[in-house]
Amino acid sequence: MLRFSKHEITINEIIKNMNIPDRSEYLKGLAQTGQKIMGVLPALYPRELLWAFDIHAAEIWDPPGEILHANAHLQTTICPVVKKSLEFILKEPQTINAGYLFPHTCDSLQNLGTQVKDLIGVSLPIYTFYNPKGRFNNTTIKYYQDILINFQSILEASHGPLEPEKLKAACVLSHKIDTYLMVIQQARMTDHLSLSNHEYFTLMRAQEYLLPQDYLSLLEQVNILEKPAEFSRARLMVSGILPPLPEILVFLDELGVSIVADDLLAVSRRIPKFAMDPPGSPLDYLTDRFFVLPPCSTRGGDLDERVHYLSNRLKESKAHGLLFDMVKFCEPELFDHRLLVKTFRERKTPVLTLETELEDHISGQDKTRIEAFTERLFEIVST
Amino acid sequence: MADLYFSGVDVGSLSTDVSIIDHGGKVLSEIVIPTGVNGSEAAEQAFNAALKLADLTRDSITGITATGYGRASVAFATGKTTEISCHGVGAHHLFPKTGTVIDIGGQDSKVIQIDRQGRMLDFTMNDKCAAGTGRFLEVMANRLDLNLDELSSPLNIEGDSAPISSTCTVFAESEVISLLAKNTPRKEIVHGLQRSIVNRIWSMVTSIGIEGEVTLTGGVAHNKGLVALLEEKLGLTLNIPENPQTVGALGGAHIARRTYQNSLEADSI
Ligand code: SF4
């Protein structure tokens, strides 16, 4: 039984109804039990280290609510992920009690970390984690291991010495979660999963706030079909930072379009590209895990590698088209976007770009764009 | 397939357009009326008028495709398709060598690439504002105290044009106000406005590229000055339909016809 269930609801029922607990209710409940909770901004951070210190990582990507006070501190050309995060932090939420962690995902987030720490003045501790940019080589490995050790010492200063066994156990737990996620991802690509678009991404995103043990229990119960489901739906791959807005996911379902694969920073770009051996030395495991993640605009690197990865995913999932769902003013993504669109257009892959400010609703024009794109995909399905 | 008729009903933000064709694709009637505040009423009215003009009854229409931003409000339609696909199909039937369609509608503008069968391959649409649309011209005509016909008069494309740097309707309107305050001749302001729309369309065209012949659709295709400037900018001659406003509706009618033919083929398998 899950820890979050007040009543004896089985996990099957939860998945069936996608009754995954509400993010803020769940975190509130956890905070009341005295659980240490750190607010973590996107996207890549050594979650295993936090778990080893009994700190729960509650990720902050797109908290709901209007952006009011954050605008006073940020330029207008800053992405809504950063604005919404700051708005959330400024409210000093009770659920976050162990500080905030700002990984170096992009310059905007890095600056936000500095601003929150030095200018805005938040009472909780602020941590930063400077991911290496670039490929797997001796320099980046050494740098990554250095910052892991440094981050460990910083955490030890506030939370006491690290117990090596706990870190080992955290790596094992992380490895198990990754393994399940890879199976589920594969099942999605090959039609062995009977979840709507909205249900699928609700399941994938629940890892942003559920305790790892709870999330693992959820994943263990996901029903993988023995035979692939047969359907004549159009198949779509989506690339960007976050999954499309719930309204778009539902709309795509209504139009008969399934998102069968993704290249999203919040989802697939955080799942290893291929199966890893079970953890031996935690330091080596954490390093390897970081470098076997799919190519990502936020980690720098080679655009050809990204094109290659996306092409393979499109092929494997038999997607008929590619949707770029761009967060407005997201610099790292915009750098790659133009060339990616050009490349896939030249390869005759139907491509659609949408731009989101993480609004609550989609515009009529975006609906028309999506519908027209779907008409194109169905032309392909029918030929 | 004798005596089978098909229709397309395009409920746009400014006008509602209906086209009725026979089974061979011959156009029997075309109607354009203002949409007003109620899209479904406008669709009813325009459809009835088109039936009357073609001397047909409602029962004689086998398939009706609703399109345009108000497509969901056409209760009597047998199917709905976006205006993007409809404009592609309509342009293809009028000018079979069309590879690119530029549609300047009342509320939005689109550049659509189509294949040899008129199927849409790719498209781009202007973003969430009235820049480069019919609405932009309407607002500016009001401000200049001209009607749309006056705004559409052929202008010497070599002539002077007032500098209007903004494509945003709100900012462009304030630029127009200051130009009027400086006694800039209205002809030059009109010229500047047309250039501003052409620049906006140009940036959409460059993002998607040009293939084959280019057909211009939408009411703005009546604006001769703008057409001349666009042709100059693109370096080619545009196909201009006789009724540029009804191309989406015509495409809708052809889609209804094709859907009916496909269903016959499916039944005979
Ligand atoms: S959306 Fe882009 S710019 Fe914004 S925080 Fe994420 S990576 Fe940075």
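Rules behind the numbers
- Residues numbered from 1 in each chain as written.
- Chains lettered and ligands numbered in written order.
- Predicted model: local features only at pLDDT ≥ 70, side-chain atom pairs only at ≥ 80, totals over all residues.
- Heavy atoms only, no water.
- Helix = DSSP H or I, 4+ residues; strand = E, 2+ residues; numbered from the N terminus.
- Buried < 20%, exposed > 50% of the residue type's maximum accessible area, 1.4 Å probe, protein only.
- Contact = heavy atoms within 4.5 Å.
- Rg over C-alpha atoms; globule rule 2.2 N^0.38 Å.
- Areas by Shrake-Rupley, 256 points an atom, 1.4 Å probe, with all protein chains shown as cover.
- Lys, Arg positive; Asp, Glu negative; His and termini not counted.
- Charge placed at Lys NZ, Arg CZ, Asp CG, Glu CD.
- Salt bridge = Lys/Arg side-chain N within 4 Å of Asp/Glu carboxyl O.
- Near = heavy atom within 4 Å.
- Nonpolar A, V, L, I, M, F, W, Y, C, P; charged D, E, K, R; others polar.
- Domains from an automatic or database assignment.
- Pairing = 2+ DSSP bridges.
- Phe/Tyr/Trp six-rings, centres within 6.5 Å; stacked < 30°, edge-to-face > 60°.
- Lys NZ or Arg CZ within 6 Å of the ring centre and 35° of its normal.
- Axes fitted to C-alpha atoms, helices over the stretch in contact; angles between N-to-C directions.
- Parallel < 35°, antiparallel > 145°, perpendicular 65-115°, else oblique.
- Left-handed = near helix turned anticlockwise from the far one by under 90°.
- Buried area = accessible area lost by both parts, 1.4 Å probe.
- Polar contact = N/O pair within 3.5 Å; in protein donor to acceptor, adjacent residues only side chain to side chain.

Within chain B, the secondary structure is distributed over eight helices and nine strands. Across the 269 residues of chain B, 54% fall into the buried class. Once local pairs closer than 6 in sequence are excluded, the contacts in chain B between residues at least 24 apart make up 64%.

A few words now on the overall build of chain A. The secondary structure content of chain A amounts to 14 helices and eight strands. In terms of overall dimensions, chain A is globule-like: its C-alpha atoms have a radius of gyration of 20 Å, near the 21 Å expected for 383 residues. C-alpha extents for chain A along the principal axes are approximately 65 × 45 × 45 Å. Entry remark: accessible area of chain A is about 16900 Å², with carbon and sulfur atoms responsible for 52%. Distance from the positive charge centre (40 side chains) to the negative charge centre (50 side chains) of chain A: 3 Å.

Attention now moves to the pattern of salt bridges. Tallied over the entire structure, the rule returns 33 salt bridges over all chains. Because the salt bridges share partners, they merge into one network encompassing Asp263(A), Arg269(A), Arg306(A), Glu333(A) and Asp336(A).

Bringing the site of the ligand into the picture now. Residue and element names in this part refer to chain A. All residues adjacent to the ligand are Cys-79, Val-81, Val-82, Thr-105, Cys-106, Leu-109, Ile-241, Val-327, Cys-330 and Glu-331. Of the residues in the shell around the ligand, the class split is eight nonpolar, one polar and one charged. Looking at which domains feed residues into the shell around the ligand, each of domain 1 (3–161) and domain 2 (165–382) supplies at least three.

With that settled, consider the pairing of strand S6 (residues 98–104) of chain B. Residue and element names in this part refer to chain B. Most of S6 sits inside the fold, with seven of its seven residues counted as buried. Across five bridges, S6 lies against strand S9 (residues 213–217) in parallel orientation. Bridge assignment links Ile-102 to a residue of S9, and that residue is Leu-216. Where S6 and strand S7 (residues 109–114) come together, five bridges link them in antiparallel fashion. Bridge assignment links Ile-102 to a residue of S7, and that residue is Val-111.

Moving on, we get to the packing of aromatic side chains. Using the criterion set out here, one finds eleven aromatic pairs over all chains in the structure. With centroids separated by 5.7 Å and ring planes inclined at 45 degrees, the aromatic side chains of Phe6(B) and Tyr260(B) adopt a geometry described as tilted. Of the two residues, Phe6(B) is situated in strand S1 (residues 5–11) and Tyr260(B) in helix H8 (residues 247–268); the sequence distance between them amounts to 254 residues. Cluster of aromatic residues (ring-pair linked, three or more members): Tyr127(A), Phe129(A), Phe136(A), Tyr144(A), Phe151(A), Phe290(A) and Phe291(A). Sitting over the face of the ring of Phe344(A), Arg347(A) holds its NZ or CZ atom 5.6 Å from the ring centroid. Positioned above the aromatic ring of Phe76(B), the side-chain terminus of Arg58(B) is 4.9 Å from the ring centre.

Residues and elements named next belong to chain A. The geometry of helix H4 (residues 80–90) relative to helix H5 (residues 107–120) is characterised by a closest axis approach of 11 Å and an angle of 25 degrees between their N-to-C directions. Between H4 and H5, the crossing angle belongs to the class labelled roughly parallel. The handedness of the crossing between H4 and H5 comes out as right-handed. Listed contacts from H5 to Val-82, Ser-85, Leu-86, Ile-89 and Leu-90 of H4 are Ser-108, Leu-109, Leu-112, Val-116 and Ile-120. Looking at the contact of H4 with H5 residue by residue, the class counts come to eight nonpolar, two polar and no charged.

For the rest of this paragraph, the subject is the sheet that holds strand S8 (residues 351–356) of chain A. Residues and elements named next belong to chain A. Here we have four strands laid out as an open sheet, ordered S6-S5-S7-S8, and parallel in their pairing. Of all the strands in the sheet, the pair left with one neighbour each is strand S6 (257–264) and S8. The average undirected angle you get between the axes of adjacent strands in this sheet is 25 degrees. Here strand S7 (residues 321–327) runs beside S8; their pairing, made up of six bridges, is parallel. Bridging across to S8, Leu-323 finds its partner in Leu-352.

So, about the domain arrangement of chain A. All names here are of chain A. By the assigned domains, chain A splits into domain 1 (3–161) and domain 2 (165–382). Placing a centre on the C-alpha atoms of domain 1 and another on those of domain 2 gives a separation of 21 Å. With both chains or domains summed, domain 1 and domain 2 bury close to 4600 Å², and 67% of this area falls on carbon and sulfur atoms. The largest contributions to the domain 1 side of the interface with domain 2 come from Leu-44, Glu-48 and Trp-61, which together make up 13% of the buried area. Inspection of the domain 1/domain 2 interface yields seven salt bridges. Between Asp-178 and Arg-47 there is a salt bridge, with its nearest N and O atoms 3.1 Å apart. In this assembly, domain 1 and domain 2 are joined by 17 residue pairs in polar contact (both at pLDDT 80 or more). Among the secondary structure elements, those contributing two or more residues to the side of domain 1 that touches domain 2 are helix H1 (11–17), helix H2 (23–32), helix H3 (47–52), strand S2 (55–59), H4 and helix H6 (138–159).

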